[in-house]
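The chain contents come next:
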Amino acid sequence: MRLLNSNELSACDDEFIQVPPQDEIDAAQPIAKVLPEDVVQRVTLIATMLMGGQSGIVQ
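1. A short note on the environment of Leu3
(1) Moving on: Secondary-structure assignment places Leu3 in helix α1 (residues 2–5).
(2) Moving on: Along the sequence, Leu3 and Leu50 sit 47 residues apart, while their C-alpha atoms lie 8.4 Å from each other.
(3) Moving on: Those residues in contact with Leu3 that sit more than four places away from it in its chain are Ser10 and Leu50.

2. A few points about the confidence of the model for the protein
(1) Moving on: Here the protein shows a mean pLDDT of 82. Residues at 70 or above account for 88%.
(2) Moving on: Element-level mean pLDDT values for the protein span from 75 in α1 up to 94 in helix α2 (residues 22–27).

3. Looking at a nonpolar patch on the surface
(1) Moving on: Taken together, the side chains of Leu3, Leu45, Ile46, Met49, Leu50 and Met51 define a hydrophobic patch exposed on the protein surface, amounting to about 570 Å² of accessible area.
(2) Moving on: No other element matches the five residues that helix α4 (residues 37–51) contributes to the nonpolar patch.
(3) Moving on: Considering the arrangement of structural elements, one finds Leu50 in helix α4.
(4) Moving on: Look at Leu50 and you get exposed, because its relative accessible area is 51%.

Reading guide: rules and limits
- By convention here, each chain's residues receive numbers from 1 onward along its written sequence.
- A pLDDT threshold of at least 70 governs which residues receive local features in this predicted model, and a stricter bar of 80 or more applies before side-chain atom pairs are shown or counted, although totals over entire chains, interfaces and linings include all residues.
- Water and hydrogen atoms were dropped before computing side-chain values, which therefore reflect all heavy atoms in the structure.
- Note on conventions: DSSP H or I runs of at least 4 residues are helices, E runs of at least 2 residues are strands, and numbering of each starts at the N terminus.
- Here, two residues are considered to be in contact whenever any of their heavy atoms come within 4.5 Å of each other.
- A score between 0 and 100, pLDDT records how confident the predictor is in each residue.
- In this analysis, a patch consists of residues with relative accessible area above 30% that form no salt bridge, clustered at 9 Å for like charges and at 5 Å for the nonpolar side chains Val, Leu, Ile, Met, Phe, Trp and Tyr.
- Per-residue accessibility takes into account occlusion by the displayed protein chains alone, with areas from the Shrake-Rupley method and a 1.4 Å probe.
- Any Lys or Arg side-chain nitrogen found within 4 Å of a carboxyl oxygen on Asp or Glu counts as a salt bridge.
- Note on exposure labels: buried denotes an accessible area under 20% of the residue type's maximum, exposed denotes more than 50%, and partly exposed covers the range between, all computed with a 1.4 Å probe on protein chains only.

What follows is the structure, encoded as structure tokens:
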């Protein structure tokens, strides 16, 4: 939610976020099984930079 609300274009109220039905949750696969490896690496890097530190320095 913090990531969505941190951007003016994606910010939304909590009631607009829909929780999937339990059967979809049960059938969900780990993201690394669904996305190509290079995409997982990039997503992990970006998420780490956005959420990992408070220094403001991106290397």
